[in-house]
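Chain by chain, the residues run as shown.
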2 protein chains.
Amino acid sequence: MKNKYLVIYQEMVKQIEQGNFHPNQFLPSEHDLTDKFETSRETIRKALNLLAQNGYIQKIRGKGSMVIDRNKFDFPVSGLVSFKELADKMGEKPKTFVHTCHLINPSHYIQEQLKMSDSDQVWEVIRARSFAGKYIILDKDYLAKKYISFISRDIAEQSIYSYIENELGLVISFAKKEIIVEEPTEEDRDLLDLEGFHNIVVIKNYVYLDDATLFQYTESRHRPDKFRFVDFARRNH
Amino acid sequence: MKNKYLVIYQEMVKQIEQGNFHPNQFLPSEHDLTDKFETSRETIRKALNLLAQNGYIQKIRGKGSMVIDRNKFDFPVSGLVSFKELADKMGEKPKTFVHTCHLINPSHYIQEQLKMSDSDQVWEVIRARSFAGKYIILDKDYLAKKYISFISRDIAEQSIYSYIENELGLVISFAKKEIIVEEPTEEDRDLLDLEGFHNIVVIKNYVYLDDATLFQYTESRHRPDKFRFVDFARRNH
DNA sequence: GAGTGGTCTAGACCACTCA
DNA sequence: GAGTGGTCTAGACCACTCA
């Protein structure tokens, strides 16, 4: 058994998702939870703060922890989500066509994005994603060879993230995301079913390991009619 | 003086932003900070966790808290940011034209978004935002009269959020954001300088108070060439 | 006044890093 | 082995809610 507060958090998530606690109702008090889980109050509070951060509860001073109606928030994808995780949640069966998967000497632009020196090589992975027979998303990944020594087409067809975390044992820690809208490139027109759309939504993702090294730059290029980004955020006071 | 951990957090932010601690260098250890601020380690850790959450530092076990190079992340606008706050950070001088500011009996669509009953009235505020003489953004705000009893054109010209928080004393707690791309409406064409763009980026915002009541629905409609959304996110493990 | 959550303390034990 | 951060404890005092 691992961290107590994580175990308690996961247990509470399960209970809320199973409907054991209903929206707008209050959880047991911190005192009661302390007894129930046979732990200290600060440990309970760590678990509850995670629940609040992830949009499961609202803590109200003097009253208690109220369950939030998460149905209002269809998938609250805060944070990093790879295409595969996202597709799983959407319940559709997407297909991936690996167009390119090889080592390159990166262009000046990619070097700049990855803040790397001239001599370093980079894995370039270009994948088109289809839903219901239409190519909708073009993912262009650039991974520093320094940290990711090898990628195969097979891996690219599955999830690069799960390869990095489960096979290589690296820990992805944080990312900066930037969303903008551009004109489609020749490549977009070639590899996607644009069907006359004049714009493309570009999500630029800069992904960092747990020692704060930038190892991956990704452009996820979406047809605008199929693009949707959802975020849950708490205001810092 | 308020919460110790917030004071310490703000002090550390100031020091990092002033360059007293340099990127890729380590902060003093938690032990040292405990001495320096004459407090307990858990209080220091609360402050450091806030710094990590907001992208100022990366904590590395056994080593210390490393300062992240925030220049890589131009404005890491995580969470809720109103137009005015955003414009301030961009340094441009925008103008706001208040097109509409009145009480209405909401349409079925607005009722649904705000999860309200038939009889409740709503403030409708429609504002066009211009940068460098061009109308670029159309903000359509719908605020439940139940919680916000009054709004004037003057308030709408300034910041509605600062009115709500500073004048009315309400506390905005969290929001769900959804970003999609649509065809421009007639209203978009009327009030914005679209200059031939065929799409419009729509940010739908559902804003909640600290008792988890939904009080505001906002559509922020951006010309695609001027749209930019930046996010910093930590991965939950 | 009883019950709630928010902050803070002073300590403990542990896993990890690095010389 | 000394130094680092991660977790956990058992308690304290406080502000707030509600009957």
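These figures come from a predicted structure and were not determined experimentally.

Definitions and limits used
- Residues numbered from 1 in each chain as written.
- Chains lettered and ligands numbered in written order.
- Predicted model: local features only at pLDDT ≥ 70, side-chain atom pairs only at ≥ 80, totals over all residues.
- Heavy atoms only, no water.
- Helix = DSSP H or I, 4+ residues; strand = E, 2+ residues; numbered from the N terminus.
- Buried < 20%, exposed > 50% of the residue type's maximum accessible area, 1.4 Å probe, protein only.
- Contact = heavy atoms within 4.5 Å.
- Areas by Shrake-Rupley, 256 points an atom, 1.4 Å probe, with all protein chains shown as cover.
- Near = heavy atom within 4 Å.
- Polar contact = N/O pair within 3.5 Å; in protein donor to acceptor, adjacent residues only side chain to side chain.
- Buried area = accessible area lost by both parts, 1.4 Å probe.
- Salt bridge = Lys/Arg side-chain N within 4 Å of Asp/Glu carboxyl O.
- Phe/Tyr/Trp six-rings, centres within 6.5 Å; stacked < 30°, edge-to-face > 60°.
- Lys NZ or Arg CZ within 6 Å of the ring centre and 35° of its normal.
- Least-squares fit on C-alpha atoms with pLDDT ≥ 70 in both.
- Pairing = 2+ DSSP bridges.
- Axes fitted to C-alpha atoms, helices over the stretch in contact; angles between N-to-C directions.

**As for the overall build of chain A**
Phase 1 of the analysis: Of the regular secondary structure elements, chain A holds eight helices and nine strands.
Phase 2 of the analysis: Here chain A holds 237 residues, and 51% of them are scored as buried.
Phase 3 of the analysis: Taking as baseline every contact in chain A between residues at least 6 positions apart, the subset at least 24 positions apart corresponds to 59%.
Phase 4 of the analysis: Counting only carbon and sulfur atoms, one obtains 47% of the accessible surface of chain A, whose full area is about 12000 Å².

**Focus on the protein's contact with DNA strand C**
Phase 1 of the analysis: Within the structure, DNA strand C sits among 24 residues, and R41, E42 and R45 of chain A together with K4 and T39 of chain B are positioned closest to it.
Phase 2 of the analysis: What you see for DNA strand C is that sugar and phosphate hold 67% of its atoms within 4 Å of the protein.
Phase 3 of the analysis: Contact distances for DNA strand C include 2.9 Å between a phosphate oxygen and a side-chain N or O atom of Y5 of chain B.
Phase 4 of the analysis: With respect to DNA strand C, the side chain of R41 of chain B contributes an N or O atom lying 3.5 Å from a base nitrogen.
Phase 5 of the analysis: Sorting the residues of the surface near DNA strand C by element identifies α3 (41-53), β1 (57-60) and β2 (64-67) of chain A together with α1 (4-17) and α3 (41-53) of chain B as the ones contributing at least two each.
Phase 6 of the analysis: It is α3 of chain B that contributes the most residues to the surface near DNA strand C, four residues altogether.

**Considerations on the interface of chain A and chain B**
Phase 1 of the analysis: Taken together, the 46 residues of chain A in the interface contact 46 residues of chain B.
Phase 2 of the analysis: Surface buried jointly by chain A and chain B totals about 4300 Å² across both partners, of which 54% is contributed by carbon and sulfur atoms.
Phase 3 of the analysis: Put simply, chain A and chain B have four salt bridges between them.
Phase 4 of the analysis: With its nearest N and O atoms 2.9 Å apart, the salt bridge here joins E178 of chain B to R228 of chain A.
Phase 5 of the analysis: Elements supplying a minimum of two residues to the side of chain A that touches chain B: β1, α7 (160-167), β6 (172-182), β7 (200-209) and β9 (229-234) of chain A.

**Structural notes on the packing of aromatic side chains**
Phase 1 of the analysis: Applying the stated criterion across every chain yields a total of 13 aromatic pairs over all chains.
Phase 2 of the analysis: Centroid distance Y206 of chain B to Y217 of chain B: 5.0 Å. Interplanar angle 45 degrees. Geometry classified as tilted. Here the residue Y206 of chain B occupies a position in strand β7 (residues 200-209), and Y217 of chain B occupies one in strand β8 (residues 214-222), the gap between them amounting to eleven residues.
Phase 3 of the analysis: Assessed through its relative accessible area of 0%, Y217 of chain B is described here as buried.
Phase 4 of the analysis: An aromatic cluster of three or more residues is present, and its members are Y109, Y142, Y206 and Y217 of chain A.
Phase 5 of the analysis: The residue whose ring lies beneath K46 of chain A is Y5 of chain A, and the NZ or CZ to ring-centre distance is 4.8 Å.

**Observations regarding the environment of L209 of chain B**
Phase 1 of the analysis: As for its position among the elements, L209 of chain B is in strand β7.
Phase 2 of the analysis: Residue L209 of chain B is classed as buried on the basis of its relative accessible area, which comes to 5%.
Phase 3 of the analysis: Along the sequence, L209 of chain B and Y147 of chain B sit 62 residues apart, while their C-alpha atoms lie 9.6 Å from each other.
Phase 4 of the analysis: Those residues within four positions of L209 of chain B in sequence are excluded, and the remaining contacts are Q58 of chain A together with L170, V171, I172, S173, F174 and F215 of chain B.

**A short note on the relation of the copies chain A and chain B**
Phase 1 of the analysis: Mapping chain A onto chain B is achieved by rotating through 180 degrees and translating by 0.0 Å along the same axis, at an RMSD of 0.0 Å. As the rotation angle and translation indicate, the two copies are arranged about a two-fold axis.
Phase 2 of the analysis: In this assembly the copies share their binding face: 100% of the residues contributing to the interface of chain A also contribute to that of chain B.

**So, the sheet that holds strand β5 (residues 134-144) of chain A**
Phase 1 of the analysis: Pairing within the open sheet is antiparallel, and its seven strands lie in the order β3(A)-β4(A)-β5(A)-β8(A)-β7(A)-β6(A)-β9(B). Bordering the open sheet on either side are β3 (95-104) of chain A together with β9 (229-234) of chain B, each of which pairs with just one other strand. On average, adjacent strands in this sheet sit at an angle of 15 degrees to one another, irrespective of strand direction.

**Topic: the pairing of β5 of chain A**
All names here are of chain A.
Phase 1 of the analysis: Among the eleven residues that make up β5, nine are buried, leaving the element largely enclosed by the rest of the structure.
Phase 2 of the analysis: As judged from the ten bridges shared by strand β4 (residues 122-131) and β5, these two strands associate in the antiparallel manner. Across the sheet, the residue bridging to R129 is I137, located in β5.
Phase 3 of the analysis: Counting the residues between successive antiparallel strands, the hairpin from β4 to β5 contains two residues, one of them, A132, with a positive phi of roughly 50 degrees.

**Some thoughts on the side chain of R223 of chain A**
Residues and elements named next belong to chain A.
Phase 1 of the analysis: Considering the arrangement of structural elements, one finds R223 in the loop between β8 (214-222) and β9.
Phase 2 of the analysis: Residue classification places R223 among the buried positions, given a relative accessible area of 4%.
Phase 3 of the analysis: At a separation of 2.6 Å, a polar atom in the side chain of R223 contacts the main-chain carbonyl oxygen of D193.
Phase 4 of the analysis: Once residues within four sequence positions are removed from consideration, R223 is found in contact with I136, D193, L194, E195, F197 and I200.

**Remarks on the pattern of salt bridges**
Residue and element names in this part refer to chain A.
Phase 1 of the analysis: For the structure shown, the criterion picks out 31 salt bridges over all chains.
Phase 2 of the analysis: Here K176 and E178 are joined by a salt bridge, their closest N and O atoms 3.9 Å apart.
Phase 3 of the analysis: A cluster of three or more residues bridged by salt bridges with shared partners is formed by E30, R41, R45 and K59.

**Focus on the environment of E195 of chain B**
All names here are of chain B.
Phase 1 of the analysis: With respect to the helices and strands, E195 occurs in the loop between α8 (186-191) and β7.
Phase 2 of the analysis: For the pair formed by E195 and N54, sequence separation is 141 residues and the distance between their alpha carbons is 37 Å.
Phase 3 of the analysis: Setting aside chain neighbours within four positions, we find E195 in contact with K134 and R223.
Phase 4 of the analysis: In this structure the side chain of E195 is engaged in a polar contact, spanning 3.2 Å, whose partner is the side chain of K134.

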